Amino acid sequence: MSDSPTTGPVVLDVWCELQCADCHTALTDLRALRARYGDRLDVRLRHFPLDKHRHSFAAAQAAEEAVEQGQGWAYAEAVLARHAELADRGEPLLLEVARQLGLDDEEFDTALIDGRHTLIVDADQAEGKAIGVTGTPTYVIGGERLDGGKSQDGLRERVEEIADRLLARV
């Protein structure tokens, strides 16, 4: 790692799956981190759909459509709040959440049919696998991977330690 100053915000990649109960729990920490650091921390949603969750790949594609429509995190949080319902309802729930947020649900439906966001989701998943992500949520900041799928105890504090260290170099 170089000693050159960090330019721009520190990046926190969050490998997430929108049908994951642990990812829903992690939202509390992510909101606290955003509140503490503001625009000095760029929290990026990365997709890691798990085979055990039938609707996770469609949810990841829908989240990318929400990014296109300017509400990526709002959409992800709204779907995570209903992760158990997603297991039962699937794509109709994804479209309902889009409507509730005032997004173009017809465009969501088209995006899910034509698969326009498949490459982004596949690329995130491949990158995650390449760096050792095996479950969700998994955080990567400053080159360190922190696994929140087993336990989230102390993770926010660890992310803060790393972010503070990186931001001190600015």
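Small disclaimer: the values here were computed from a predicted structure and weren't measured.

K.L.:
Break down helix α1 (residues 21-37) for me, citing the residues and quoting the values.
P.N.:
In this model α1 runs 25 Å from its N-terminal to its C-terminal C-alpha over 17 residues, within 8% of the 24 Å that 1.5 Å per residue would give. Considering bend angle alone, the principal kink of α1 is centred on Leu27 and spans about 30 degrees. Taken together, the buried positions of α1 are occupied by Cys23, Ala26, Leu27, Asp29, Leu30, Leu33 and Tyr37. Phi for Gly38, located one or two positions after α1, is positive at around 55 degrees.

K.L.:
Describe the packing of helix α2 (residues 56-68) against helix α7 (residues 118-130), naming the residues involved and giving the relevant values.
P.N.:
At a minimum axis separation of 9 Å, α2 and α7 run at an interaxial angle of 115 degrees. Considering their axes alone, α2 and α7 lie roughly perpendicular with respect to each other. In the packing of α2 onto α7, the handedness of the crossing is right-handed. Here Phe57, Ala60, Gln61 and Glu64 of α2 come into contact with α7, specifically with Thr118, Ile120, Val121 and Asp122. Classifying every residue of the contact of α2 with α7 by side-chain character gives four nonpolar, two polar and two charged.

K.L.:
If you had to explain the environment of Leu33 to someone new, which residues and values would you point to?
P.N.:
Checked against the element boundaries, Leu33 lands in helix α1. Look past the residues within four positions of Leu33 in its chain and what remains in contact with it is Leu12, Gly38, Leu41, Arg156, Val159 and Glu160.

K.L.:
Outline the pattern of salt bridges, listing residues and values.
P.N.:
All told, the structure shown has 21 salt bridges when counted by the stated rule. Between Glu85 and Arg82 there is a salt bridge, and its shortest N-O distance comes to 3.0 Å. Judged by its relative accessible area of 29%, Glu85 is partly exposed. Between Arg99 and Asp105 there is a salt bridge; the shortest N-O distance is 2.8 Å. Several salt bridges converge on common partners, so that one network encompasses Asp13, Arg44, Arg46, Asp124 and Glu127.

K.L.:
Explain α7 to me, using residue names and the numbers behind them.
P.N.:
Taking 1.5 Å as the rise per residue, α7 with 13 residues should run 18 Å; its terminal C-alpha atoms sit 18 Å apart, in good agreement. Of all the positions in α7, only Val121, Asp124, Gln125 and Gly128 are classed as buried. One side of α7 carries all its buried residues, which in axial view fall inside an arc of 95 degrees. More than 90 degrees from the buried face of α7, the exposed residues found are Leu119 and Ala130. Buried residues along α7 sit against β1 (10-16), β2 (41-47) and α2. Phi turns positive one or two residues past the end of α7, at Gly132, with a value near 100 degrees.

K.L.:
Give me the pairing of strand β3 (residues 138-141): which residues, what numbers.
P.N.:
Judged by which residues are buried, β3 turns out to be covered on both faces: Thr138 and Val140 on one side and Tyr139 and Ile141 on the other are all buried. The pairing of β1 with β3 spans four bridges and is classified as antiparallel. Looking at β3, one finds that Val14 is bridged to Tyr139. Of the pairings in the sheet, the one linking β3 to strand β4 (residues 144-147) comprises four bridges and is antiparallel in character. Bridge assignment links Ile141 to a residue of β4, and that residue is Glu144. The turn joining β3 and β4, which pair antiparallel and follow one another in sequence, is formed by two residues; a positive phi near 55 degrees is taken by Gly142.

K.L.:
Quick one: what's the story with the packing of helix α3 (residues 72-80) against helix α5 (residues 91-100), residue by residue and with numbers?
P.N.:
As a packed pair, α3 and α5 sit with axes 10 Å apart at the nearest point and diverge in direction by 130 degrees. On the basis of their axis angle, the class for α3 and α5 is oblique. The two elements α3 and α5 cross, and the hand of that crossing is right-handed. Contacts from Tyr75, Ala78 and Val79 of α3 reach α5 at Leu94, Val97 and Ala98. Of the residues that constitute the contact of α3 with α5, the class distribution is six nonpolar, no polar and no charged.

Reading the values: rules and limits
Counting starts from 1 at the beginning of each chain's written sequence and moves along it residue by residue. For a predicted model such as this one, the threshold for reporting local features is a pLDDT of at least 70, and the threshold for listing and counting side-chain atom pairs is 80 or more; totals across whole chains, interfaces and linings nevertheless cover every residue. With hydrogens and water stripped out, all remaining heavy atoms of the structure feed into the side-chain values. The helix count covers DSSP runs of H or I at least four residues long, the strand count covers runs of E at least two residues long, and both are numbered beginning at the N terminus. Each helix should span, by expectation, one fewer than its residue count multiplied by 1.5 Å. Two axes enter the definition of the bend at a residue: one is fitted to the seven residues ending there, the other to the seven starting there, and the bend is the angle between them. Each residue's exposure class comes from its accessible area (1.4 Å probe, protein chains only) as a fraction of the maximum for that residue type: buried when under 20%, exposed when over 50%, partly exposed otherwise. To define axes, lines are fitted to C-alpha atoms, for helices over the stretch in contact only, and angles between the resulting N-to-C directions are given on a 0 to 180 degree scale. An angle counts as roughly parallel when it lies under 35 degrees, as roughly antiparallel when it exceeds 145, as roughly perpendicular when it falls between 65 and 115, and as oblique in every other case. Whether a crossing is left-handed or right-handed is set by the direction in which the near helix is turned from the far one by less than a right angle, anticlockwise for left-handed and clockwise for right-handed. Contacts: residue pairs with any heavy atoms within 4.5 Å of one another. Only Asp, Glu, Lys and Arg are considered charged, only Ala, Val, Leu, Ile, Met, Phe, Trp, Tyr, Cys and Pro nonpolar, and every remaining residue, Gly among them, polar. Any carboxyl oxygen of Asp or Glu within 4 Å of a side-chain nitrogen of Lys or Arg constitutes a salt bridge here. In this description, one arc is meant: the one made by directions from the helix axis to the C-beta atoms. Here the rule is simple: two strands pair whenever DSSP picks up at least two bridges between them.

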